[in-house]
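A structural walkthrough
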Amino acid sequence: MARLFARNETLVATILLLFIIVTSIVDPSFLSVPTLFDLLRNGLIMAIFAIGVLLVLISGGIDVSFTALAAFAMYATTKTLVETGVEGSMALALAMSGGIGLCLGLVNGFFVGTMRLPTLIVTLGTLSAFRGALLTFVGSQLISNVPDGMRDFSRTMLLRGTNADGYFYSLPAAVLVLLLVVVLTWFILYRTMLGRNIFAIGGSLDSARRIGIPVTKVQYFIYAYVGTISGIAGIVHASLARVANPFDIVGLELSVIAAVVLGGARLQGGTGTITGTLLGVALIVVINNSLITLGIPSTWQNIVIGLLILLGTGVPAWQARRSGRTE
Amino acid sequence: MAKTSRIVSSDHRHLLGLAALTVAIFVAMSLARPGLFLTGANMQSMAFQFPEYAILALAMMTAMLTGGIDLSIIGTANLSSILAALAMTALFPTGGNAVAVLALALLVGLSVGCLCGVINGLFIAGIGLPPILATLGTGIVYTGIGVVVTGGSAVVGLPDSFAVLGNAAVWAVPVPLLVFAAVAVVMAFVLNRTIYGHSVYLFGTNPRASRFAGLKNGRLNMTTYMISGTLAALAGLILISRANSAKADYAESYLLITVLIAVLGGTNPYGGVGRVLGVVLAVLSLQFLSSGLNMLQVSNFAKEFVWGLTLLLAMSVTRIEWRRMIDFSGVGRGRSPNAATGDKP
């Protein structure tokens, strides 16, 4: 029981459940399909980013550049499609944005893998460099006439209907992108040698290298993969918002990392689960959407989230310290 | 002893390289825009701009010396300056004696900053959270408290006499620069000439060795985050004096820049290496670069691009020196948050 409670997933799931129960008691209409779909829509982009961040954290690194990378890929793709007049399908936009993300991810991979610089420093540098390059060389104007393919995608719904209370609800097809990213990442992490290598590098870089894991190659893969995912998240975001804003997205990085850490991934590397990560994102999204229902002014949002991070990570750390296990 | 001299000489090489870079940027900008860059007015305007960054970067460097990081400095700076601003507007609604106003602001601001540091220290030393996580959480909470007490809007109507801290000049030397100079001298003294300073370098180099040497690692952590919190609060006071208002979301973009300045200044994010002089040179070179590019009509966005590139290039160039230092200082530590502690090259 104590061990079950010491697990972050259990703690986060409990807090999440408590929040949902209390909010539903205060406002019974909270527990409904429209709310669920609203939460999904609001948390979608953050969840895709979080999966990428999880991969980096498991490998013992940290990435703060993914937002700049996503903004770059998203804006460059939209601008190219609009200027060349290729209205294209969403698939083309996804491929282009993912491809640009991959190339930028390789830049991170070069500095981390080949130059062996600390990941925080590298991604701080590329955060500034990518964002600066985007706004200087690509453009800084809002694009509101996004290509038809992207517009159509935002209108494509998996499900739509009206519930008993007369609330309209719909589930955007973009959820499929999240699903695909989750399944693919799960497969890589738990069903391939590559995934085991990522865990091994996060556990101990030195040991991983000594037992013959091609650390540099794996690091290139990690940052390229995160870049691709981020590029895809960026274009999905622009499609759902039906506008490509180059100033969007950047600034989210620490919240996403907080969500992943809340979900049990350890910054020391080697530990982290997809379930935990999704729970962490869900918790932050539910809190953001339920505080007002609970009668707590939205100005309290930061305090609640900050305290949850300290609680969610502090309790397991404190238990680990008390039981004498060294970090 | 051979190893010690290697650290020192490698550290000095970094400082020399950085000094050369700073001078090179200064000369290049002076040649490119002699009538604009090389003027007293520009020198003075630059001297007003950089102290708040520089003090924040010193706060960041102090935390990084232990192998930690303080992501809460912006939250701390804003919260302490908001509370100081509220105290000033409550007690001196119509302005008042300059000395009394400044004393009140410093007392409230620095105490709050120090308290924020104590809370960070409790989470890090007491509960055992990694610094990056503890300060990420507390930073969000400090910002949140700032939002709640101000309701999200700016605190205005600061006493006129408070403007001295950020805007006045003594014989053409800006007050913020004087404050920064004092801070730099005190920090250099604390780090190089006190028992605390020597202990921090040992702790940052090898926490296990420092524990075996009988040092109280928990107390060292606590003192370190108290210092970084207090410095952050001081930077916050200068900032609100220059802005003539206090708000919970000022200077949010400064956070990552201070890490950039500290690292460019030769601070090792794994701990144990870092100098006040390095941070001073790094902040000067970035200020020259940024003001110079401004005069060349380069956009702010291009500056961001250049800053990022500068960090990446500087780090790549010094990589060899650096890895040599990490190789023996980082042996057997296994607690660094990043993946770059490698094997022998």
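Refer to the structure above for everything that follows.
Everything in this summary refers to the structure shown in the same document. (Residues numbered from 1 in each chain as written. Chains lettered and ligands numbered in written order. Predicted model: local features only at pLDDT ≥ 70, side-chain atom pairs only at ≥ 80, totals over all residues. Heavy atoms only, no water.)

**Considerations on the side chain of Ser161(B)**
- Structurally, Ser161(B) is set in the loop between helix H6 (131–150) and helix H7 (164–167).
- The residues touching Ser161(B), leaving out its near neighbours within four places in the chain, are Gly96(B), Ala98(B) and Val101(B). (Helix = DSSP H or I, 4+ residues; strand = E, 2+ residues; numbered from the N terminus. Contact = heavy atoms within 4.5 Å.)

**Some words on the interface of chain B and chain A**
- Facing the 50 residues of chain B at the interface are 50 residues of chain A.
- When chain B packs against chain A, the two sides together hide about 4,400 Å² of surface, and 74% of this comes from carbon and sulfur.
- Inspection of the region where chain B meets chain A yields one salt bridge.
- Glu304(B) is paired through a salt bridge with Arg131(A); the nearest N and O atoms lie 3.0 Å apart.
- Looking at which element gives the most residues to the side of chain B that touches chain A, the answer is H6(B), with 13 residues.
- For the side of chain B that touches chain A, the per-class residue count stands at 33 nonpolar, 13 polar and four charged. (Buried area = accessible area lost by both parts, 1.4 Å probe. Salt bridge = Lys/Arg side-chain N within 4 Å of Asp/Glu carboxyl O. Nonpolar A, V, L, I, M, F, W, Y, C, P; charged D, E, K, R; others polar.)

**Points about empty space enclosed by the protein**
- Going through the model one piece at a time under the given rule, you end up with four cavities of 30 Å³ or more.
- As a volume, the largest cavity reaches approximately 100 Å³.
- Around the largest cavity, the lining comprises 14 residues; the ones closest to its centre are Ile62(A), Leu254(A), Ile257(A), Leu71(B) and Ile132(B).
- Contributions of two or more residues to the lining of the largest cavity are made by helix H12 (253–262) of chain A together with H6 and helix H12 (254–264) of chain B.
- Within the lining of the largest cavity, the residues separate by chemical class into 14 nonpolar, no polar and no charged. (1 Å grid on protein atoms, 1.4 Å probe; cavity = no way out; pocket = protein on both sides within 12 Å on 5 of 7 lines; lining within 4 Å. Points joined across faces, edges and corners; volume = space filled by probe spheres on them.)

**Observations regarding unusual backbone geometry**
Residue and element names in this part refer to chain A.
- Here the phi dihedral of Arg242 falls at roughly 55°; this positive angle occurs in a residue that is not glycine.
- Its location among the elements puts Arg242 in the loop between helix H11 (215–241) and H12.
- One non-glycine residue, Ile249, lies in the positive phi region at around 70°.
- Checked against the element boundaries, Ile249 lands in the loop between H11 and H12.
- Taking relative accessible area as the criterion, Ile249 reaches 8% and is therefore assigned buried. (Buried < 20%, exposed > 50% of the residue type's maximum accessible area, 1.4 Å probe, protein only.)

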